[in-house]
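# Residue-level structural notes
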Amino acid sequence: MRQVAFFLVAAACASCVNTAGSSSSGNAVRVDSLTSVFVSGWNNKDSAAIMNTIAGNAIVMNDSIIYSGHSAIAANWVSSGVRVLSNIKTTSLIKDSDNKIAYDGGTYTLDLAPPGGPLLKEKGNYNLVWTKQADGSWKLTLIHIEDVTRMPDVP
């Protein structure tokens, strides 16, 4: 279940809405565009599109689970997540970029449909960090997702 929640958060990040942050450099990339491509891959259940946004040395952190590297992320996170996650929506709370790094952090919601189980609604927090690669492309190097659905509300 934690792997599914992690996938949901990633998808939510891709459909981010810009509510804060700005580019600090004229050479900066549009963070909304990066996030949108990532989330669209999830919502379209397109594993190849998702993996195309992730760097070979990336790290995915979801609660107590950590996946490192393209192979582990594809096998343990993306392959199972695309089957059960949908309707990912994100709300960006902070984002910025320059000519080498970009980040986006905020909240997400998604639908989780485990095989044979009921449709579950999940919400949580996310952080995405992209770095500019040697070939000029932007890839996710850190994906951090925190499911808060099962946590008690603390005043």
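Above this note sits the structure.
As a starting point, this report considers the structure included with it. (Residues numbered from 1 in each chain as written. Predicted model: local features only at pLDDT ≥ 70, side-chain atom pairs only at ≥ 80, totals over all residues. Heavy atoms only, no water.)

## Some points on the overall build of the chain
Formally: Here a strand is any run of E in DSSP of at least two residues, a helix any run of H or I of at least four, and the numbering for each starts at the N terminus. When a residue's accessible area, from a 1.4 Å probe over protein chains only, is under 20% of the maximum for its type it is buried; when over 50% it is exposed; and in between it is partly exposed. Contact between two residues is taken to exist if any of their heavy atoms lie within 4.5 Å; hydrogens are not considered.
Counting its regular elements, the chain contains four helices and seven strands. From first element to last, N terminus to C terminus, the chain shows the α and β order α-β-α-α-β-β-α-β-β-β-β. Each of the 155 residues in the chain was classed as buried or not, and the buried ones make up 43%. Residue pairs in contact within the chain that sit at least 24 positions apart in sequence constitute 65% of those at least 6 positions apart.

## Here we look at helix H2 (residues 31-43)
Formally: Each residue after the first adds 1.5 Å to the expected span of a helix.
In a regular helix each residue adds 1.5 Å, so 13 residues correspond to 18 Å; H2 covers 18 Å between its end C-alpha atoms and thus fits that length. Among all positions of H2, only Val31, Asp32, Leu34, Thr35, Phe38, Val39, Gly41 and Trp42 are buried. The first or second residue beyond H2 is Lys45, which carries a positive phi of 55 degrees.

## What to know about the packing of aromatic side chains
For clarity, the cut-off: When the centres of two rings from Phe, Tyr and Trp lie within 6.5 Å, Trp using its six-membered ring, the rings pair. Their planes under 30 degrees apart give stacked, over 60 give edge-to-face, and anything left gives tilted.
With the rule as written, the count across this model stands at three aromatic pairs. Both rings, one in Trp42 and one in Trp77, keep their centres 5.0 Å apart while their planes meet at 70 degrees; by these two values the pair is edge-to-face. Of this pair, Trp42 sits in helix H2 while Trp77 sits in helix H4 (residues 70-84), and the two are 35 residues apart along the sequence. Comparing Trp42 with Trp77 shows no difference in burial state: the two are buried. Through a chain of ring-to-ring contacts, the aromatic side chains of Phe38, Trp42 and Trp77 assemble into a single cluster.

## Digging into the pairing of strand E7 (residues 138-147)
Definition in use: One requirement defines pairing of two strands: DSSP has to find at least two bridges between them.
With seven of ten residues buried, E7 lies mostly within the body of the structure. Note: strand E2 (residues 54-62) against E7, five bridges, orientation parallel. Opposite Val60, over in E7, you have Ile143 as the bridge partner. Taken together, the nine bridges between strand E6 (residues 120-132) and E7 define a ladder with antiparallel strand orientation. Within E7, the position partnered with Trp130 by the bridge is Leu140. Hairpin connection between E6 and E7: a loop of five residues separates the two successive antiparallel strands, and Gly136 in this loop has a positive phi of roughly 95 degrees.

## Remarks on H4
Rules: To get the bend at a residue, fit one axis to the 7 residues ending there and another to the 7 starting there, then take the angle between the axes.
For H4, which comprises 15 residues, the first-to-last C-alpha distance of 20 Å matches the rise-based estimate of 21 Å (1.5 Å per residue) to within 8%. Its axis deflected by about 35 degrees at Val78, H4 carries its strongest bend there. When H4 is considered as a whole, its buried residues turn out to be Ile73, Trp77, Val78, Gly81, Val82 and Val84.

## Focus: the nonpolar core
To keep things clear, this is the line we draw: Among buried residues, the Ala, Val, Leu, Ile, Met, Phe, Trp, Tyr and Cys ones that are joined through side-chain atoms within 4.5 Å form a nonpolar core.
Residues Phe38, Trp42, Ile54, Ile73, Trp77 and Ile143 are the most contacted members of the largest nonpolar core, which totals 30 residues. Of all elements in the fold, only H2, helix H3 (47-52), E2, H4, strand E4 (85-97), strand E5 (101-112), E6 and E7 reach the threshold of two or more residues within this core.

## Some points on the side chain of Asp104
Short version of the rule: Within 3.5 Å is the distance limit for a polar contact, defined as a pair of N or O atoms, with the added protein rule that one can donate a hydrogen and the other accept it, and that residues adjacent in sequence qualify only through two side-chain atoms.
By the element assignment, Asp104 lies in strand E5. In terms of polar contacts, Asp104 uses its side chain to reach the side chain of Thr35, at 3.0 Å. Side-chain polar atoms of Asp104 contact the side chain of Ser92, separated by 2.6 Å.

## Section: the environment of Asp135
Residue position: Asp135 is located in the loop between E6 and E7. Among the polar contacts listed, one links the side chain of Asp135 to the side chain of Ser137, at a separation of 2.6 Å.

Bear in mind that shape data such as this cannot, by itself, settle questions of function.
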